[in-house]
Amino acid sequence: MFKDTIDVRHRLGSQQYIASEEIGTVVYLAQSLCKPILAEGPAGVGKTELAKAWAAALGAPLVRLQCYEGLDESKALYEWEYAKQMLYTQLLRDTLRDVLGDANSLSEAAARLAQEEDVFFSENFLLPRPLMTALTSDEPVVLLIDEIDRSDVEFEAFLLEVLSDFQVSVPELGTISAVHQPMVLLTSNNTRELSEALKRRCLYLYVDYPTAEAELQIVNLKVPDLSDDLARQAVAVVQQLRNMDLRKVPSISETLDWARALVTLNAGAIDEKTLTNTLTVLLKYESDVQKARRLMEGGGSRGPNPRR
Amino acid sequence: MEKRVVDFIRGLRAAGVRVSLAESIDAMHAVGVIGIQDKNIFRESLRATLVKDSDDRPVFEELFPLYFGGGGPPLQNALEEMSPDEQQMLKAVLEALSGRMQALMDWLTSGEGPTKEELEELARQAGAQWADSPQEGRWVTRRMLQKMGFTRLEEQLQELVQKLQEMGMSQEAIQKLLGVVEANREALAEQVAQQVGRQIAEERANRPKDLYSSDLMQKPFYSLSEEEANVLRREVQRLVTQLRSRAALRRKRGRQGKFDSKGTIRANQRYGGVPLELKYKKRKLKPSLVLICDMSRSMLSVAEFMLRLTYELQDQVAKTRSFGFYSDMEEISIVLVGNRPQEAVDAVLDNFYGRMPRHYATDFGNSLDTFFKNWLDSVDGRTTVVVLGDARNNYNSPRVDLMKQLQRRARRLVWFNPEQPGQWGTGDSDIYDYVPYCDSVHIVRNLAQLAAAVDSLMAGG
């Protein structure tokens, strides 16, 4: 468990995750208030990475639930293992005959079978999915519910019970409560508005693109082979690209990819040639690449863009 | 401190941020855990518990210093470093000043600013209770500074320096005095600005709410004020959530299609062919839309809300293509894709109204013709075509023939008209020419009607 916000930042830092003061505060609060965190922000700023670092910093296992359209309870929570149930019935046929053999009538046999039916709806045949795994785990876990905005509205509603009471109801078994309350991080790329009820239950964290210094720190940490000077230049270019009106602006992960590409290509400086060759690592649309190229060739306006 | 936080939450609510009771309790817990020693961490913990929408962040950032700013930087005392003689001289000069200027100079030199009560009174005199927004707050601040004599400060200071020189104060001491006064002036102005901001936020929190969104839902689009439209824009969010869950539910209930014999056999191989799991074919229930919007100025507000609604509902729709027209047609779906809802709609409106000539004639007939030439491939047997417009064609040819073809080609053709039926067919309205070729016509005078109409689109599949 974390002692205070500084401890949080320090220990996340030791997992190679550079946490801003805000992230430190929110993670500490989440732990102290036992509340889930809802992290929003553009794609590729390290929201998922935060969950991994969090789990590693605490030495807790990470349980991940990736959301997508059409995800439903059975895939998130539990499923009855149909095939195994069938197999057991087949194998236990003899035993069943013993139990039912001396029954005189059909109804008597059915009644006897009903007494034994708990056998087939026990936890042996329960196939736990991520949510159930997180709830029934023997040690505290970090539960990552990734890209919640991709799931359907019904699933979001279903999550409310899990997130506020940390328990779920399985009709055949009753209510299962969490052994240890998991630490939950939900991420959203903001493709749709989440419901008020879900937001109300969470602490809100908005992760934005980092400042130039923070990004430089990240590059230095993750790609130590890149010379300091080159890293500085690279970050400056990326920051400049983010201020442009592009279809998809480069994220941190793309900055890192680019930095690695520069190391691999053994680039001495970011000149026009290197830039032309490697720009596609940063930008994923042809129109963006061309726009960026035009800007770079035209000398580029280095001034801050009013959009940010 | 608790009272401060509660006041702050009231201020946030008054500024339009949704803060529930549960969230304010969370905020209190968070403050209890975090403490208030570190102001940044304190701010971040309040923000994480209270503000759940990145759009509301600026409001938070603006209000926070007003409530927890500590009233601005403290003033310095100029007298401390003076010799008794010099203090005497300054005193004599100050006493010669008139009432208000004397008070001001006193604050600026003694290091003791006006009391809280004095500031509140001054703010009231400057009209803080009538102000409604930060912009007006700046205006009130200016007036307040004027009342306190800041505008005449420069000449007063010159006079003061002259008098002090005559009395024989050293140049060095005068410079020092001026330095302190200058610093204090800025500090005092900052204090005043914060006081005004806080007072406005508090006043706003105390005022009864007069805009009820439920009433506004019924108010015709054309009579909405800008402020009311803003309330409704926020309301669209909630409306969309409702519509979306209705649509999703409908889809779920309607999921059962025809029995899928192939799928069933395949799925039950593992049970030795005993059909334990039954498979059904899924029906495609998401409608694919082609939206044709009249973007002439009279239609501005309806078109805006229509775009907002459909854009927000994109995930419930298989495919949308949007077109806008006044005298000719243009595709706007390209702009709509990829941006956030607010930005996307703004971009479309900017794009259209930025280039619109002062005089133009709405011409749906001509626009339809362009549509047929360029984009007819967007309409097929699965498409629902929605036309949003008042059908006022400026006596141009309505091109009913094209409309007829369009209906035959599309799955459904729906017309949304923002005019009252009484006005239909009057003047240059051609709506009755089009009606026979529409599968349904909806009146969308206000947001409630528009939402119902959009919902019916989703239901039709």
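See the structure printed just above.
Below: a short report on this structure. (Residues numbered from 1 in each chain as written. Chains lettered and ligands numbered in written order. Predicted model: local features only at pLDDT ≥ 70, side-chain atom pairs only at ≥ 80, totals over all residues.)

### Looking at the overall build of chain B
We apply this condition: Secondary structure elements are defined from DSSP: runs of H or I of at least 4 residues count as helices, runs of E of at least 2 residues count as strands, and each element is numbered from the N terminus. Any residue with 12 or fewer other C-beta atoms within 10 Å of its own C-beta is exposed, any with 20 or more is buried, and the rest are partly exposed; the C-beta atoms used are placed from the backbone. Contact between two residues is assigned whenever their backbone-derived C-beta positions fall within 7 Å.
When its secondary structure is counted, chain B shows 20 helices and eight strands. The proportion of buried residues among the 461 residues of chain B is 33%. Considering only residue pairs separated by 6 or more positions, chain B has 75% of its internal contacts joining residues 24 or more positions apart.

### Quick look at the overall build of chain A
Within chain A, the secondary structure is distributed over 15 helices and nine strands. For chain A, the residues scored as buried account for 31% of the 308 residues in total. Here the analysis covers contacts within chain A between residues at least 6 apart in sequence; of these, 76% occur between residues at least 24 apart.

### Examining the packing of helix α2 (residues 21-33) of chain A against helix α3 (residues 39-50) of chain B
Think of two packed helices as two axes; the pair is described by the angle between the axes and how far apart they sit. We apply this condition: Note on definitions: angles span 0 to 180 degrees between N-to-C directions of axes, and those axes are lines fitted to C-alpha atoms, for helices only across the stretch in contact. Any angle between 65 and 115 degrees counts as roughly perpendicular, while under 35 counts as roughly parallel, over 145 as roughly antiparallel, and the rest as oblique. Put simply, a crossing is left-handed when the front helix is turned counterclockwise from the back one by less than a right angle, and right-handed when it is turned clockwise. When residues are sorted by character, Ala, Val, Leu, Ile, Met, Phe, Trp, Tyr, Cys and Pro go into the nonpolar class, Asp, Glu, Lys and Arg into the charged class, and all the rest, Gly among them, into the polar class.
α3(B) packs onto α2(A) with a crossing angle of 60 degrees between their chain directions and a minimal axis gap of 9 Å. In terms of orientation, α2(A) and α3(B) fall into the oblique class. Pair α2(A) / α3(B) crosses with right-handed handedness. Of the residues in α3(B), those in contact with Glu21(A), Glu22(A), Thr25(A), Val26(A) and Leu29(A) of α2(A) are Asn40(B), Ile41(B), Glu44(B), Ser45(B) and Ala48(B). A class-by-class count of the residues in the contact of α2(A) with α3(B) yields four nonpolar, three polar and three charged.

### Some remarks on the pairing of strand β1 (residues 37-40) of chain A
Residues and elements named next belong to chain A. Convention followed: Pairing between strands is defined by DSSP: at least two bridges between them are needed.
Here β1 shows no split at all, with Ile37 and Ala39 on one side and Leu38 and Glu40 on the other all buried. Strand direction decides the pairing type here: β1 and strand β8 (residues 183-188), joined by four bridges, are parallel. Following the sheet pairing, isoleucine 37 is matched in β8 by leucine 185. Note that β1 and strand β9 (residues 203-206) share four bridges and pair parallel. Directly across from alanine 39, in β9, lies its bridge partner leucine 205.

### Some remarks on the interface of chain A and chain B
Across the boundary between the two partners, chain A contributes 25 residues, which contact 28 residues of chain B. Elements represented by at least two residues in the side of chain A that touches chain B include exactly α2, α5 (82-91), α9 (153-165), α10 (196-201) and β9 of chain A. No other element matches the seven residues that α2(A) contributes to the side of chain A that touches chain B. Residue composition of the side of chain A that touches chain B, grouped by class: 10 nonpolar, four polar and 11 charged.

### Quick word on the nonpolar core
Heads up, the rule is: One nonpolar core equals one set of buried Ala, Val, Leu, Ile, Met, Phe, Trp, Tyr and Cys residues connected by C-beta atoms within 7 Å.
Counting residues in each nonpolar core, the largest one holds 108 residues, and the members touching the most others are Ile37(A), Trp54(A), Leu185(A), Leu203(A) and Leu205(A). Setting aside residues no more than four positions away along its own chain, Leu203(A) makes contact with Val26(A), Leu29(A), Ala30(A), Lys35(A), Ile37(A), Leu38(A), Ala48(B) and Thr49(B). Counting residues in each nonpolar core, the second largest holds 60 residues, with Val290(B), Cys293(B), Ile332(B) and Ala451(B) among its members.

### Some details on helix α1 (residues 5-14) of chain A
Buried within α1(A) are the following residues: Thr5(A), Val8(A), Arg9(A), Arg11(A) and Leu12(A). On its buried side, α1(A) packs onto α2 and α3 (47-58) of chain A together with α3 of chain B. One or two positions beyond α1(A), positive phi appears at Gln16(A), with a value near 65 degrees.

### What about the sheet that holds strand β2 (residues 62-66) of chain A?
All names here are of chain A. If you walk across this open sheet you meet the five strands as β2-β5-β8-β1-β9, and the pairing is parallel. On the outer flanks of this sheet lie β2 and β9, each paired with one strand and no other. Strand-to-strand twist of the sheet, defined as the mean angle between neighbouring strand axes without regard to direction, takes the value 20 degrees. As judged from the five bridges shared by β2 and strand β5 (residues 142-146), these two strands associate in the parallel manner. By the bridge assignment for β5, arginine 64 is matched with leucine 144. Sitting on the sheet, α3 is in contact with β1, β2, β5 and β8, with an inclination near 170 degrees to β5.

### Considering the environment of Gly41(A)
Residue and element names in this part refer to chain A. Tracing the sequence through the fold places glycine 41 in the loop between β1 and α3. Each C-alpha atom of the pair glycine 41 and aspartate 208 lies 5.7 Å from the other, and the pair is 167 residues apart in sequence. Residue contacts for glycine 41: discarding those within four places in its chain leaves Lys47, Tyr206, Val207 and Asp208.

### Regarding the sheet that holds strand β7 (residues 412-417) of chain B
All names here are of chain B. With mixed pairing, the six strands of this open sheet are ordered in space as β5-β4-β3-β6-β7-β8. The open sheet terminates on both sides in strands that have one partner only, identified here as β5 (329-331) and β8 (440-443). Taken over all neighbouring pairs, the strand axes of this sheet differ in orientation by 20 degrees on average, direction set aside. Direction of pairing for β7 relative to β8: parallel, over a ladder of four bridges. In the sheet register, phenylalanine 416 faces β8, and the bridge partner there is histidine 442. Against the sheet, helix α14 (residues 300-312) contacts β3 (288-294), β4 (319-325) and β6 (383-388), and its axis sits at roughly 165 degrees relative to β3.

### Focus: the packing of helix α9 (residues 153-167) of chain B against helix α10 (residues 171-206) of chain B
Residue and element names in this part refer to chain B. In the contact formed by α9 and α10, the axes pass within 11 Å of each other and the chain directions differ by 160 degrees. When the axis of α9 is compared with that of α10, the two are roughly antiparallel. Between α9 and α10 lies a crossing whose hand is right-handed. When α9 is examined against α10, the residues Leu153, Leu157, Val161, Leu164 and Gln165 are found in contact with a partner set consisting of Ile174, Val181 and Arg185. Across the contact of α9 with α10, the residue classes tally to six nonpolar, one polar and one charged.

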